[in-house]
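# Observations on chain architecture
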Amino acid sequence: MDESNFGMTTRRVESLSDNVFSVAMTLLVFNLTIPEVLRLSDTELHVLLMNQWRKFLNYFISFLLLSVLWSIHHQQFRYIMKTNRVHLWINIFILMFVVLVPFSTSLIGDYSGTVTANVFFSANMVVLAALFHVNWVYAIKDYRLVHHDLAMGSLRKGTKRSILFLTVSLLALSLSFFAAQWSPMCFVLIPVVFSLKTFRTSGDVPDHPGGD
């Protein structure tokens, strides 16, 4: 059977992905904890919260990253009109590592500054970035899963976005070995660069097919 004619729309993939992203983003907040004591004074509470500033920073960065990844996924599926078995499994693996993000975030929160924790977090992002790139390249190769009338310029923008995320993730992974506590800050570059016109999507998207 020809995989390119598997005959499945993308609605179920998009629905599952939205749900998994929302759960992963919600789980991030559980990395912020307060010790179970009967009563804290205002001063003690203030000191406790201030001492968790890195956990709050990691929460912010990870939530931002998941938001960017969800946005990339959404942008890719503006162009991807159908799916097949190979494409489905690429997306299953994407979601597997999306769910891992709250755990990798908890590692850099509990063991900030350690090489192992930061390598694990950055490696999580490298795998996600690589899978997103594979997802896009597989879909657009010979217009396998995208509309044949799409302009090549629009497809190149999607490729640039996935390569940028992968490049920054590899940079963060490399930095983890030399300045571990600062490596997550590399990811703040992504939403800044994505706001540039070069990486924005255009409006030349055909109507998305309906159905399940």
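### Quick look at the overall build of the protein
Across its full length, the protein holds seven helices and zero strands. In sequence order, the secondary structure elements of the protein are arranged as α-α-α-α-α-α-α. The 212 residues of the protein split such that 42% are buried. In the protein, the proportion of contacts linking residues at least 24 apart, taken out of those at least 6 apart, comes to 80%. Here the protein displays about 11,300 Å² of accessible surface, and carbon together with sulfur accounts for 66% of that area.

### With respect to a nonpolar patch on the surface
A surface patch of nonpolar side chains, about 500 Å² in accessible area, is lined by L16, W89, I92, F93 and M96. Top contributing element to the nonpolar patch by residue count: helix α4 (residues 85-110), with four residues. Assignment of secondary structure puts L16 in helix α1 (residues 11-27).

### Notes on the nonpolar core
Counting residues in hydrophobic clusters, the biggest one holds 46 residues, and the most contacted among them are L65, L66, V98, L128, F165, F187 and I190. At the level of secondary structure, the elements contributing two or more residues to this core comprise α1, α3 (53-79), α4, α5 (115-140), α6 (152-175) and α7 (189-194). Those residues in contact with L66, other than ones at most four positions away along the chain, are F21, A24, M25, L28, V98 and V101.

### Let's talk about the confidence of the model for the protein
Across the protein, the average pLDDT comes to 86, with 88% of residues at 70 or higher. For the stretch residues 1-5, pLDDT sits under 50, and the model shows eight contacts to residues farther than four places along the chain or on other chains.

### Examining the pattern of salt bridges
This structure, assessed with the given rule, holds one salt bridge. Put simply, D110 and K55 hold a salt bridge, and the shortest N to O gap is 3.1 Å. With a gap of 55 residues between them, D110 in helix α4 and K55 in helix α3 connect regions that are remote in the sequence. By relative accessible area, D110 is classed as partly exposed at 47%.

### Remarks on the packing of α3 against α6
The interhelical angle for the contact between α3 and α6, taken along N-to-C directions, is 155 degrees, at an axis separation of 11 Å. Put simply, α3 runs roughly antiparallel to α6. Crossing handedness for the pair α3 and α6: left-handed. When α3 is examined against α6, the residues L65, V68, L69, I72, Q75 and Y79 are found in contact with a partner set consisting of S154, R161 and F165.

Conventions adopted
- Counting restarts for each chain, with residues numbered from 1 along the sequence as it is written.
- Local features in this predicted model are restricted to residues whose pLDDT is 70 or higher, and side-chain atom pairs enter the listing and the counts only when it is 80 or higher, whereas totals over whole chains, interfaces and linings include all residues.
- No hydrogens and no water enter the side-chain calculation; it runs on all heavy atoms of the structure.
- For the purposes of this entry, the term helix denotes a DSSP run of H or I that reaches at least four residues, the term strand denotes a run of E that reaches at least two, and both are numbered from the N terminus.
- Classification of residues uses two cut-offs on accessible area relative to the type maximum, computed with a 1.4 Å probe and protein chains only: under 20% is buried, over 50% is exposed, and between them is partly exposed.
- By definition, residues are in contact when any of their heavy atoms lie within 4.5 Å.
- The protein chains shown are the only cover counted for residues, whose accessible areas, like all others here, come from Shrake-Rupley with a 1.4 Å probe.
- Two joining distances apply to patches: 9 Å for like charges and 5 Å for nonpolar side chains (Val, Leu, Ile, Met, Phe, Trp, Tyr), and every residue must have over 30% relative accessible area and no salt bridge.
- A carboxyl oxygen of Asp or Glu within 4 Å of a side-chain nitrogen of Lys or Arg is what we treat as a salt bridge.
- Residues grouped as a nonpolar core are buried Ala, Val, Leu, Ile, Met, Phe, Trp, Tyr and Cys residues, joined through side-chain atoms within 4.5 Å.
- pLDDT is a per-residue confidence score from the predictor, ranging from 0 to 100.
- Interaxial angles span 0 to 180 degrees and are taken between N-to-C directions of axes, which are lines fitted to C-alpha atoms, for helices over the stretch in contact.
- In these notes the angle categories are as follows: under 35 degrees is roughly parallel, over 145 is roughly antiparallel, 65 to 115 is roughly perpendicular, and the rest is oblique.
- Crossing handedness is defined as follows: a turn of the near helix away from the far one that is anticlockwise and smaller than a right angle gives a left-handed crossing, while the clockwise case is right-handed.

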